[in-house]
Amino acid sequence: MLAPVSTEPENPSLDPAAALPRQSGLSRADLMALTKARLSLMVLVTTFVGFWAASRSLGLFDGWLLLHTLIGSALAAAASSVFNQIIEVDIDARMKRTADRPLPARKISPTAAFVLGWVLAALGLLHLGTKVNTGAAVLTGLTLVIYVFVYTPMKQKSSFNTIVGAVSGGIPPMIGWVAAGGKETHFWDDLLTPECWFLFGLLFLWQLPHFVAINWMYRDQYREAGFVMWSNDDESGAKTGNLAILFSAMTLALMVVPSIYGFANVGFLIGGGLLSGMMLVLAVRFRRSCTRQAARKLFFYTLIYLPLVLLLLVLTWRGSGQG
C-alpha cells in the first residue's frame, strides 16, 4: 500500500525471465518476496501510529481492536503487493535485481498469484469490516485500489505516478486513526479532523524527497525498464534537486501544524523542525552539487527520518484539548 522502498537497483538484464529455468515450490522467502513483507511492516508501523494517536486523543486504548486493525491491514497490504507484481511481471523480468522474484522466476504461476491476491484482499477487508469498523475497511479498500489499479499502471504512463503513489502511502495512518474508535466511530467526523490529515500529510510528503532522490540516482534503469519518472531525462539533476527542495520545505512547514492545533507539545515543533530542516539542508546540497553521492545521502536520510519523526510524534502527542 505504501509505494515500495527501493534499494539500489542493478543494471537491467538484457534477457527476459523466459531465459530463466522453471523452478518448483514456493519457499518462505519467496512468499515474503511475493507479499513484500518489509513493505507491509512499514504499513503496519504507520497504521499503529495513527491508532495510537487517536487512542490517546480519545483517552481509551483497546489492544484487541489494534490487533484486529493490524491483521486486516497486513492482509490487504500483502494483497496489494501480490497484485503489483502480477502487473509488473514483465518489467521485473527485465531487471536483474527483480528477475528472481517468484513470478518472473516462475516459482508461482500468475493465476495462482492472482487467486492468492484476491483471497488476501477479501480476508483483509472482511476482517476490518467485521472486527474493526466500516471506515477502516473503506479506507483500506481505497488504498488498495489506488495502489494497484491507479499507481501501478500509471508508472509506465505518467510521471505524476509519484504523487498518486504518495497518496496511497499516506492513507495507512488514517486507517489506524478511524479504527481506534471501534464500532461506535463516526467515520466522517473522525476523518475530517486536523490530526487525521496531519498524519496523512506527514506520510505523503515524506515519500516525495525519498523517491525523487532514488529516481535520479537510477534514472537510466527506470527509463530502460519502462517507468516514466520525473528524473528520467534530468541528466543535470537540477529539476530533481528543485523538487527535493520543494517537498522538503513543505515537510518542514508541516511541523508547525501540531502546535497550531495543540495536539502535540512544543517538543515536536523543535524536534520535528530539526529533523525536517536537516532533510531540507541535504536537498539543497544535492541541488548545488547534483552528484549521485549527494542524492544518495538524501535518500538514506529519508530512511532514518521517518522512524525518528514517528517516534517523536508518539512521545509528544497529547491529543486535541489536552494540556
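Look up a bit, the structure's there.
First things first, this report covers the structure right here in the doc. All values reported here derive from a predicted model rather than from experimental measurement.

**What about the packing of helix H7 (residues 161–170) against helix H8 (residues 172–179)?**
Put simply, H7 and H8 touch, their axes get as near as 5 Å, and they point 25 degrees apart. Relative to H8, the element H7 is oriented roughly parallel. On the side of H7, the interface is formed by Ser 168, Gly 169 and Gly 170, while H8 contributes Pro 172, Pro 173 and Met 174. Here the contact of H7 with H8 is built from residues that sort into three nonpolar, three polar and no charged.

**Brief notes about the pattern of salt bridges**
Scanning the entire structure with this criterion turns up four salt bridges. Linking Asp 233 and Arg 223 is a salt bridge whose minimum nitrogen-to-oxygen distance equals 3.8 Å. With Asp 233 in the loop between helix H11 (219–225) and helix H12 (238–254) and Arg 223 in helix H11, this pair connects stretches of sequence that are 10 residues apart. Glu 235 is the salt-bridge partner of Arg 223, the closest N and O atoms lying 4.0 Å from each other. With Arg 223 in helix H11 and Glu 235 in the loop between H11 and H12, this residue pair connects regions lying 12 residues apart in the sequence. Judged by relative accessible area, Glu 235 falls into the partly exposed class, the value being 48%. Each of Arg 219, Asp 220, Arg 223, Asp 233 and Glu 235 takes part in salt bridges that share partners, so that together they form one network.

**Re a nonpolar patch on the surface**
On the surface, a cluster of nonpolar side chains totalling about 710 Å² of accessible area is made up of Phe 114, Val 115, Trp 118, Val 119, Leu 123, Val 145, Phe 149 and Val 150. Listed by contribution, the elements that provide at least two residues to the nonpolar patch are helix H5 (110–131) and helix H6 (134–154). If you trace the backbone, Phe 149 turns up in helix H6.

**Quick word on H8**
With eight of eight residues buried, H8 lies mostly within the body of the structure. Among all positions in H8, only Pro 172, Pro 173, Met 174, Ile 175, Gly 176, Trp 177, Val 178 and Ala 179 are buried. For H8, the elements touching its buried residues are helix H2 (37–58), helix H3 (63–87), H6, H7, helix H9 (187–191) and helix H10 (194–217).

Rules used in this analysis
Residues numbered from 1 in each chain as written. Predicted model: local features only at pLDDT ≥ 70, side-chain atom pairs only at ≥ 80, totals over all residues. Heavy atoms only, no water. Axes fitted to C-alpha atoms, helices over the stretch in contact; angles between N-to-C directions. Helix = DSSP H or I, 4+ residues; strand = E, 2+ residues; numbered from the N terminus. Parallel < 35°, antiparallel > 145°, perpendicular 65-115°, else oblique. Contact = heavy atoms within 4.5 Å. Nonpolar A, V, L, I, M, F, W, Y, C, P; charged D, E, K, R; others polar. Salt bridge = Lys/Arg side-chain N within 4 Å of Asp/Glu carboxyl O. Buried < 20%, exposed > 50% of the residue type's maximum accessible area, 1.4 Å probe, protein only. Patch = residues over 30% accessible without salt bridge, like charges linked within 9 Å, V, L, I, M, F, W, Y side chains within 5 Å. Areas by Shrake-Rupley, 256 points an atom, 1.4 Å probe, with all protein chains shown as cover.

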